[in-house]
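# Residue-level structure breakdown
What follows is each chain in one-letter form.
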Amino acid sequence: MRDIVVEIYVLLGRELKKWYRSPFLLLMTIIQPVIWMGLFGKALNLTGLLQVPEELLRQLPPDATSLIAELFNKVMTNLFGASGIDYFSYMSVGMLSIVVLFTSMSSGMTIVWDRRLGFLNKLLVSPVKRGSIIISKVLSGVVRSIVQAILVMLIAIALGARYSPAGPLAPLVALSALTLLSLGLSSLFISIAVRLRSWESQMATINLLNLPLMFASNALYPIKMMPAWLQAIASVNPISYAVDAVRQSLLMGASMSISALLLDIGALTLFAALFTGVGVLVADRGLRRG
Amino acid sequence: MSAIIVERLVKSFGKLIAVNEASFTVDEGELFGFLGPNGAGKTTTINILTTLLIPSSGKAVVGGFDVVAEAEKVRRIIGLVPQDITVDDDLTGMENLMLHAGLYHLDRQGAKRRAKEVLELLNLTDAANRKVETYSGGMRKRLELAAGLMHHPDILFLDEPTLGLDVQTRTAIWNYVKKLRDELGMTIFLTTHYMDEADALCDRIAIIDHGRIVAIDTPKSLKNSLGGDIIELEVMHNNPEDVVQLINKIDSVKKAAFMDGLFRVTVERGEETLPMMLETLLRKGHRVTRVIMKKPSLEEVFLEYTGRALRAEQGSWEEAFRQRMIIQRARA
Ligand SMILES: Nc1ncnc2c1ncn2[C@@H]1O[C@H](COP(=O)(O)OP(=O)(O)OP(=O)(O)O)[C@@H](O)[C@H]1O
Ligand SMILES: [Mg+2]
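Please read these numbers as outputs of a predicted model, since none were measured by experiment. Each chain has its residues counted from 1, following the order in which its sequence is written. Chains carry letters and ligands carry numbers; both start at the beginning, A for chains and 1 for ligands, and go up in the order they are written. For this predicted model, a pLDDT threshold of at least 70 governs which residues receive local features, and a threshold of 80 or more governs which side-chain atom pairs are given and counted, while totals over whole chains, interfaces and linings are taken from all residues. Side-chain numbers come from the whole structure's heavy atoms, not from hydrogens or water.

### With respect to the site of ligand 1
All names here are of chain B.
- Being near a molecule or strand, for a residue, comes down to having at least one heavy atom within 4 Å of it. Near ligand 1 you find 15 residues, and of these Gly 39, Lys 42, Thr 43, Thr 44 and Gln 83 are the closest.
- Think of a polar contact as two N or O atoms within 3.5 Å of one another; within protein, one of them needs to be a possible hydrogen donor and the other a possible acceptor, and neighboring residues in sequence only count if both atoms come from side chains. Between Gly 39 and ligand 1, the recorded distance is 2.7 Å, taken from a backbone N or O atom to an oxygen atom.
- At 2.7 Å from an oxygen atom of ligand 1 is found a side-chain nitrogen or oxygen belonging to Thr 43.
- Using a 2 Å cut-off from the grid points, one finds that ligand 1 occupies the second largest pocket.
- Secondary-structure elements contributing two or more residues to the shell around ligand 1 are strand S2 (16–27) and helix H1 (42–49).
- For the shell around ligand 1, the element with the highest residue contribution is H1, accounting for 3 residues.
- Considering only residue class, the shell around ligand 1 consists of 5 nonpolar, 7 polar and 3 charged. Put simply, the grid is 1 Å and covers the protein atoms alone, a cavity is a trapped set of points that fit a 1.4 Å probe, a pocket is an open set with protein on both sides within 12 Å along at least five of seven lines, and lining residues have an atom within 4 Å of a point. Criterion for pocket placement: a molecule counts as inside a cavity or pocket if more than half of its atoms are within 2 Å of its grid points. Numbering of helices and strands runs from the N terminus, with a helix taken as a DSSP run of H or I at least four residues long and a strand as a DSSP run of E at least two residues long. Gly is placed with the polar residues, together with every amino acid not listed as nonpolar (Ala, Val, Leu, Ile, Met, Phe, Trp, Tyr, Cys and Pro) or charged (Asp, Glu, Lys and Arg).

Right, dumping it as structure tokens:
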């Protein structure tokens, strides 16, 4: 057991050194979500679209105005969870889970490079446990994801996102949700990548999984606005649960729903446990000799 | 006890048989060399012995442990310096060595000292704190070697340890490899396609060609087995058989054969036999257009056993090229 801890420490150290020493790479992985945030969040102001113009309201009789206001609030609450939320804040929170998705994916996939460049063989001839190799990769995915998500959140705040945490512990709950998501996703991608032999097949896999996972979730749009078939996919997509957990804890303020949050965290725990368990087993098989 | 025992080892990749019924043993403390051209199956054999590949059939025991059933125990006592460069470009030389030390659970203080030692030895002290991406190909290869020496393995596998290195560095590495064997009693298994390397370094050599071991012995006995000097002649002739018979009549000739347009003759005391041979041929009306005399060397041994010349030059160029490709890919 002590051996495994030492091995993970050594290997994780390598992963993280490689990562923080290339600020360019770090920048590249967060620049994409930030651009998305800017383009979608600022330009595509969904909540603004639904707003009734002020002049129109002034021309209407008072009871009609209050009716419209009530209607509007209901629509907003129905779609976005609360009426006071602007779209930029709404989607920037969703973006945190997308950052976790991208980062978990790219760090899990580095095992393809380790194989290609022979580094993996160096590990495989050493007495290092196969499990330590996999777990250190997963953990490096988690650490990177969380750090990058925090960075993107700070950028979002700088760009004008308004968060109202439900309580002092809310940010911790949000981070736990993202950690669980990253655990599951990193394990998933490592168990795929450990079977890939080439950089090309890695790119193809990334492209195949990336965008569908992102769009078939509630990260950018409310699930209720989607067609039924997409709703079905989005509601089993673990990203949706992480996004919702982060929204409940960071965005909803007093109207946070404890039961929804518990459901999210439960689903994410299940996802992380299942995929980490299965992923480590599958990846371990992938490291077997030919 | 034997450090390595290999019995009828076979490894096939689909239809290709990379290692074909190889059998040999390496004694403890022996410096054993695998000599063969590109694609002979050297690396494949090493990969099986170092638990990276599973044999298709046959058996291999390293340090008393079966490489399939007791792989973990094997891994604890071996070191591998692979043919391809695997040190991490993004780390410094020192960090690479400390990482390696971590993989083998060496204590930090001891490892630091040892890293300094091996860096000094391989002339990398000045570059120790530079990122490996700034290293030349030769420096990477030396760092790779340094890493393999970090944990003092009982049995060290060196896959083409001097490939692409300059003469000075090669000699330094030979000396060091010898020292490891002499002073620490390490068992060393190395592969090479440099004849001079095999000759200068190894206690015993196995010659491998197309996955088969065609000869195993000390370099000296292998050369002696040729039975003397080699004379190659280009002769005007109508029928090679006549010429072969004629040559065979000379007393000091041990063997004569016609291959690839040349008569290849093994003789005792080449210096005296050669003029005699020329005279005999001329007297029978055979004009000799070219003569080469060679002292026995591994090159000749190889030719004798495989019927082909082993072109170290060409091989090393290809290898160097391949290595460069890998380095470039790493940088890209
Ligand atoms: N993973 C693999 N899949 C298919 N064929 C392989 C594989 N590894 C090796 N081979 C083939 O097996 C044969 C032996 O290869 P090997 O690498 O053992 O040769 P080698 O003696 O080390 O040559 P070199 O001097 O070029 O390093 C070659 O024909 C090679 O193409
Ligand atoms: Mg080889």
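### Notes on the confidence of the model for chain B
- Here chain B averages 88 in pLDDT, while 92% of its residues score no lower than 70.
- Two summary scores accompany this predicted model of the complex, namely pTM at 0.83 and ipTM at 0.81. You can read pLDDT as the predictor saying how much it trusts each residue, on a scale of 0 to 100.

### As for the interface of chain B and chain A
- Residue-level contacts link 32 residues of chain B with 25 residues of chain A.
- Buried area is calculated as the accessible area (1.4 Å probe) missing from two parts once they are joined, with the contributions of both summed. Contact between chain B and chain A buries roughly 2600 Å² in total, counting both sides, with carbon and sulfur atoms accounting for 57%.
- Among the residues of chain B in contact with chain A, B:Leu52, B:Leu103 and B:His105 are the three that bury the most area, contributing 23% of the side total.
- Each salt bridge in this description consists of a side-chain nitrogen of Lys or Arg and a carboxyl oxygen of Asp or Glu lying within 4 Å of one another. The interface formed by chain B and chain A contains 5 salt bridges. Should any heavy atoms of two residues lie within 4.5 Å, those residues are considered in contact.

### A closer look at helix H3 (residues 93–103) of chain B
- Summary of the burial criterion: residues with accessible area below 20% of their type's maximum are buried, those above 50% are exposed, and those between are partly exposed, where the area comes from a 1.4 Å probe applied to protein chains only. Across the 11 residues of H3(B), 11 count as buried, placing the element largely inside the fold.
- When we look at burial in H3(B), the residues that qualify are B:Gly93, B:Met94, B:Glu95, B:Asn96, B:Leu97, B:Met98, B:Leu99, B:His100, B:Ala101, B:Gly102 and B:Leu103.
- Elements that come into contact with the buried residues of H3(B) comprise helix H1 (2–20) and helix H8 (119–125) of chain A together with helix H4 (108–121) and helix H5 (137–149) of chain B.
- Directly after H3(B), the chain includes B:His105, whose backbone phi takes a positive value near 60°.

### Digging into the domain arrangement of chain B
- Residue ranges assigned to each domain were obtained from an automatic or database domain assignment. Domain parsing of chain B yields domain 1 (2–222) and domain 2 (227–295).
- Using C-alpha coordinates to define each centre, domain 1 of chain B is positioned 42 Å away from domain 2 of chain B.

### Describing the sheet that holds strand S13 (residues 262–267) of chain B
Residue and element names in this part refer to chain B.
- Here 4 strands make up an open sheet; going across it, the order is S12-S13-S11-S14 and the pairing antiparallel. Pairing within the sheet leaves two strands with one partner each, and these edge strands are strand S12 (253–259) and strand S14 (288–294). The sheet shows a mean angle of 20° between the axes of neighbouring strands, taken without regard to direction.
- Its contacts with the sheet place helix H9 (residues 240–248) against strand S11 (229–235), S12 and S13, and it is angled at close to 165° to S12. We treat two strands as partners when DSSP finds at least two bridges between them. For every element, the axis is a line fit to its C-alpha atoms; helices are fit only across the contacting stretch, and the angle between N-to-C directions ranges from 0 to 180 degrees.

### A word on the sheet that holds strand S3 (residues 31–35) of chain B
Residue and element names in this part refer to chain B.
- On the basis of which strands lie adjacent, the open sheet formed by 6 strands has the order S6-S7-S8-S3-S9-S10 and mixed pairing. Two strands close off the open sheet at either side, each with one partner strand: strand S6 (78–81) and strand S10 (212–217). Going across the sheet, the axis of each strand differs from the next one's by a mean of 15°, ignoring polarity.
- Where S3 meets strand S8 (residues 187–192), 5 bridges bridge the pair, whose relative direction is parallel. Its bridge partner being in S8, Phe 34 is matched across the sheet by Thr 191.
- Across the sheet, helix H11 (residues 298–306) is in contact with S3, strand S9 (204–209) and S10; its angle to S9 comes to roughly 45°.

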